[in-house]
4 protein chains.
Amino acid sequence: MGVLDRKNRDRLLRKTDILKAAEHIFALKGYDKTTIQDIAGKAQYATGTVYLYFKDKNDLYCSLLEEKLKALLVKIKEKIGQSEDAKEKLDIFLEKEIEFFRENKDFFRILVSETNGPRFDIGLRISKSCVFREYSEHVSALVKMAQQKGTIRNDLYPAQIADIFRSIFKSVIIDWLRNKPQKPGDAEKISRFILDIFLNGVGRKTKVISIV
Amino acid sequence: MGVLDRKNRDRLLRKTDILKAAEHIFALKGYDKTTIQDIAGKAQYATGTVYLYFKDKNDLYCSLLEEKLKALLVKIKEKIGQSEDAKEKLDIFLEKEIEFFRENKDFFRILVSETNGPRFDIGLRISKSCVFREYSEHVSALVKMAQQKGTIRNDLYPAQIADIFRSIFKSVIIDWLRNKPQKPGDAEKISRFILDIFLNGVGRKTKVISIV
Amino acid sequence: MGVLDRKNRDRLLRKTDILKAAEHIFALKGYDKTTIQDIAGKAQYATGTVYLYFKDKNDLYCSLLEEKLKALLVKIKEKIGQSEDAKEKLDIFLEKEIEFFRENKDFFRILVSETNGPRFDIGLRISKSCVFREYSEHVSALVKMAQQKGTIRNDLYPAQIADIFRSIFKSVIIDWLRNKPQKPGDAEKISRFILDIFLNGVGRKTKVISIV
Amino acid sequence: MGVLDRKNRDRLLRKTDILKAAEHIFALKGYDKTTIQDIAGKAQYATGTVYLYFKDKNDLYCSLLEEKLKALLVKIKEKIGQSEDAKEKLDIFLEKEIEFFRENKDFFRILVSETNGPRFDIGLRISKSCVFREYSEHVSALVKMAQQKGTIRNDLYPAQIADIFRSIFKSVIIDWLRNKPQKPGDAEKISRFILDIFLNGVGRKTKVISIV
DNA sequence: CATGAATGAGTGTTCATTCAT
DNA sequence: GATGAATGAACACTCATTCAT
């Protein structure tokens, strides 16, 4: 059993090595311009080794997305359950994603280039992924809850609002990762900024009074 | 003169044939998976013919984007000058873009996949394009004006707001083109919807009183 | 008749135009790198026009060589008959060739690259040419006569001596055309130089006494 | 160590296979008409295999020339140092080259077609080669020494004499390889023949008395 | 299991040649 | 006859995938 364990552990280690290398190269060059040799070389393995762990190039790519998305989901779900407030949940969601993407810029790049807009299918190598669907539905569920709690207008389809939510998020994060120095407290600030725009829009208001 | 005219017209016709075919295939398969033979075949020409009108694959692709963007810009500028009101200008901008993209779904697909988020640079074959820059700046200028007129908060960078504006737009249009039947009056309705979300956000408000 | 004459003359004029352009381009780029469009363009004709005067690329190339060789032969034969002395004939031959090649550097280039050594057949597009054979035989005849008159050793095959003769010539002319400014009196001097080396070699002799 | 050795040896073997095939095809068809598929086919490899050993077609071609020239130089230098006499050195040089070219007719063909006359530059893919320069300079040095020792007239530029020397050599070898059956003792005889013509020319002399 | 050399189908691009105008 | 746009075969080179060691 110990032997099997080590085998499994070794196998996992190699897979992780390769995925890490793939992440970097795919982010740098995009799917088509990336070669398996690039990845194998970066991971310090032989070309053929990659095929011991992944069926083909596409499988490697999708596995990469799945693994990372899964990790992102775990991170999000972990904290988000601790709050009951809808707005707070959205806030936590944003903060966790921001943290995650700051630590995984390459993955962010890939994800952005992969999801050319939400649920869009040009070359959507990812679309069949259960994790991706789970991720999408998780955001939709957040929105739905916020609608039920009165935080978000309920005259709109949750899925569409979720799309808009994520597209604003994407836009702001791209700007942040590209043009700003990333500082420790950023996650919180940016999260508030996005939520503000998402909930209140960018229109100029002098005063807003909630009557209810 | 008549002869030259006909020649030029013929030349233009062929170029347009090829561009039309290219638009379709590029939208369907993406840049890398598209072959010149695909395009030539679709346009009913021989492979070599494409090279009589375009230097190489990249030139064909960029020409396609430029031509379309130019047409889009013309369409937008035409009407937008007729209004003085900032909000109305944004509204016209949206309506015109919506109309254009409904008539040019393939181009929309390409544009979306090309601009993986605003000012993002993986494989930005388009980034050097003057027309694209002009387009970007035009949107920024719209936002800036709206800030000066008090329609949009002026505590934000115009370029960033423009990014957010376009990313909301993209998100909504993708949803519309993919999932809804496109009906005549849509442009107006969708434009209002986007503007509403953009300016007021999706937060639930019971009443808003502007004091000033 | 006059009409036919003009037609023929026109035809000849066009052929000459094309040949002149071809000469320049072939010399510049070599056979394979030269395109028919290059030549047509340089001659200010359309691509197809070339095919009205020459069957194909190879025909154009061979015609070019033939025409020029014919002209060279005419020039050589013209003067060479006026002398009876074998050495003088060789001298005239050299002078005339030198003059011709100074005025036809492009042709010289082509000829050199074509006849990679005498009677060698890698890609010898020329080898079937009657004129080329006539040219070769003419040189051989010169040598043969010089052998009979006692100017050249007669223990050697005339054709081989002719080869050596031409290869020395080629070597010296290449050097002259490439590295020296070409001056009026050169033909005579160079001719003497070549003949000297050809007949006497480059060995150092302190004194030579001819007894007979 | 043994493994690496075998790997290196295998690699060398393949390279040699390909070079051998390339040598044959290039000699047969010339650079431009030769395709990589030709070479790969002849060497019994797939097209792509060639690119494992050579960067591109030009690299293959140049490597071929370099390898062979290097081998030729080694062969020449080996024996030539053993003599002090200038004329003997020239003799050895010729003999060794003749032997080499008899064993490497294809290479000879390529070299001849590549060096369209000495220091001529149309398509000189070889000209940048250090080995080629070394080879040229080696011949010039031989001539220079022969001038100093009084074997060759010293009123001429060594480089030019070297050119003439090589062009006579080329002419004679072409004739020999093309038209004569190559017999064992040939190298010696031909070498003497070339030297004779080179030093004494082909003029008829009844008696030559050296006075000094 | 790991390797990396070998494979060969596939792509962008060129250009000799043809032919409708 | 002259044109030059159109053709499509051909070629250099790449790279995902396989498999003998």
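Criteria and cut-off values
- The residue numbers shown here count from 1 along each chain, following its written sequence.
- Just so you know, chain letters begin at A and ligand numbers begin at 1, following the order they were written in.
- Selection of residues for local features in this predicted model requires a pLDDT of at least 70, selection of side-chain atom pairs for listing and counting requires 80 or more, and totals for whole chains, interfaces and linings are taken over all residues.
- Side-chain metrics rest on all non-hydrogen atoms present in the structure, leaving aside hydrogens and water.
- In this description a helix means any DSSP run of H or I spanning at least four residues, a strand means any run of E spanning at least two, and both kinds are numbered starting from the N terminus.
- For every residue, the accessible area obtained with a 1.4 Å probe (protein chains only) is divided by the maximum for its type, and the residue is called buried under 20%, exposed over 50%, and partly exposed between those limits.
- Only heavy atoms matter for contacts: two residues are in contact if any of them lie within 4.5 Å across the pair.
- Computed with a 1.4 Å probe, the accessible areas rest on the Shrake-Rupley method; for each residue, only the protein chains presented here act as cover.
- What a helix should span is 1.5 Å times the count of its residues minus one.
- One side-chain nitrogen of Lys or Arg within 4 Å of one carboxyl oxygen of Asp or Glu is enough to make a salt bridge.
- Here a residue is considered near a molecule or strand provided that any single heavy atom belonging to it is located within 4 Å of it.
- In the analysis that follows, any N or O atom pair within 3.5 Å is treated as a polar contact, provided that within protein one partner can donate a hydrogen and the other can accept it, and provided that, for residues neighboring in sequence, both atoms belong to side chains.
- We call Asp, Glu, Lys and Arg charged. Ala, Val, Leu, Ile, Met, Phe, Trp, Tyr, Cys and Pro are nonpolar, and the rest, Gly among them, are polar.
- The convention used is that axes are lines fitted to C-alpha atoms, helices contributing only their stretch in contact, and that angles between N-to-C directions extend from 0 to 180 degrees.
- Our angle categories are set so that under 35 degrees counts as roughly parallel, over 145 as roughly antiparallel, 65 to 115 as roughly perpendicular, and the remainder as oblique.
- Helix crossings fall into two classes, left-handed where the near helix is turned counterclockwise from the far one by less than a right angle and right-handed where it is turned clockwise.
- pLDDT expresses, on a scale from 0 to 100, how confident the predictor is about each individual residue.
- Any pair of cysteine sulfurs within 2.5 Å is marked as a disulfide.

Engineer: Can you lay out the overall build of chain A for me, pointing to particular residues and giving the numbers?
Structural biologist: The secondary structure content of chain A amounts to 9 helices and 0 strands. Its helices and strands in sequence order give chain A the pattern α-α-α-α-α-α-α-α-α, from N to C terminus. Counting the 212 residues in chain A, one finds 53% classified as buried. Considering only intrachain contacts with a sequence separation of at least 6, the fraction spanning at least 24 residues in chain A is 68%. Carbon and sulfur atoms make up 51% of the accessible area of chain A, which totals about 10,500 Å².

Engineer: How would you sum up helix α7 (residues 130-148) of chain D? Please name residues and give values.
Structural biologist: Residues and elements named next belong to chain D. Over its 19 residues, α7 extends 26 Å from the first C-alpha to the last, a length consistent with the 27 Å expected when each residue adds 1.5 Å. Buried within α7 are the following residues: V131, F132, Y135, S136, H138, V139, L142, V143, M145, A146 and Q147. Against α4 (57-80), α5 (86-103) and α8 (158-179) lie the buried residues of α7. Positioned one or two residues after α7, G150 has a phi angle of 85°, which is positive.

Engineer: Quick rundown of helix α8 (residues 158-179) of chain C? Include the residues and the values.
Structural biologist: Between its terminal C-alpha atoms α8(C) stretches 31 Å, which fits the 32 Å expected from 22 residues at 1.5 Å a residue. Across the 22 residues that make up α8(C), a large majority, 19, are buried.

Engineer: Please set out the pattern of salt bridges residue by residue, giving values where relevant.
Structural biologist: All chains considered together, the criterion is met by 66 salt bridges over all chains. Close ionic contact of D175(C) with K180(C) constitutes a salt bridge, the shortest N to O distance being 2.9 Å. A residue is classified by how much of its surface remains accessible, and D175(C), at 7% relative accessible area, is buried. Between D155(D) and R153(D) there is a salt bridge; the shortest N-O distance is 3.0 Å. Using a relative accessible area of 53% as the deciding quantity, one classes D155(D) as exposed. Within this structure, K75(B), K96(B), E99(B), R102(B) and E103(B) form a network of salt bridges that share partners.

Engineer: Please give an account of the protein's contact with DNA strand F that cites residues and values.
Structural biologist: Within the structure, DNA strand F sits among 33 residues, and R14(B), T49(B), Y53(B), R14(C) and T49(C) are positioned closest to it. Protein-proximal atoms of DNA strand F, defined as those within 4 Å of the protein, fall in sugar or phosphate at a share of 68%. A distance of 3.4 Å separates a phosphate oxygen of DNA strand F from a polar atom in the backbone of A46(C). Residue assignment for the surface near DNA strand F shows that the elements contributing at least two residues are α3 (47-53) of chain A, α1 (2-29) and α3 (47-53) of chain B, α1 (2-29) and α3 (47-53) of chain C together with α3 (47-53) of chain D. The element contributing the most residues to the surface near DNA strand F is α3(C), with 5 residues. Grouping the constituent residues of the surface near DNA strand F by class yields 12 nonpolar, 13 polar and 8 charged.

Engineer: Run through the packing of helix α5 (residues 86-103) of chain C against helix α7 (residues 130-148) of chain C, naming residues and quoting values.
Structural biologist: All names here are of chain C. One can describe the packing of α5 onto α7 by two numbers: an axis separation of 8 Å at closest approach and a directional angle of 150°. As judged from the angle between their axes, α5 and α7 are roughly antiparallel. The handedness of the crossing between α5 and α7 is left-handed. Residues A86, K89, L90, F93 and E97 of α5 form the contact with α7, whose participating residues are Y135, V139, L142, M145 and A146. Considering only residue class, the contact of α5 with α7 consists of 8 nonpolar, no polar and 2 charged.

Engineer: Report on the protein's contact with DNA strand E, specifying residues and quantitative values.
Structural biologist: By nearness alone, 32 residues border DNA strand E, and R14(A), T49(A), R14(D), T49(D) and Y53(D) come closest of all. Those atoms of DNA strand E that come within 4 Å of the protein belong to sugar or phosphate at a rate of 70%. Here a phosphate oxygen of DNA strand E and a side-chain polar atom of R14(A) are 2.7 Å apart. At a separation of 3.0 Å, a phosphate oxygen of DNA strand E approaches a polar backbone atom of I36(B).

Engineer: Kindly report on the confidence of the model for chain A, identifying the contributing residues and their values.
Structural biologist: Confidence in the prediction for chain A averages 87 pLDDT; 88% of positions are at 70 or higher. Scored below 50 in pLDDT, residues 117-123 of chain A shows 22 contacts in the model against residues more than four places distant or in partner chains.

Engineer: Describe in detail the state of the cysteines, supporting the description with residues and values.
Structural biologist: All names here are of chain C. Taken as a whole and assessed by the stated rule, the structure comprises 0 disulfides over all chains. The structure places no disulfide on C130, whose sulfur is separated from the nearest cysteine sulfur, that of C62, by 12 Å. For C130, a relative accessible area of 61% gives the class exposed.

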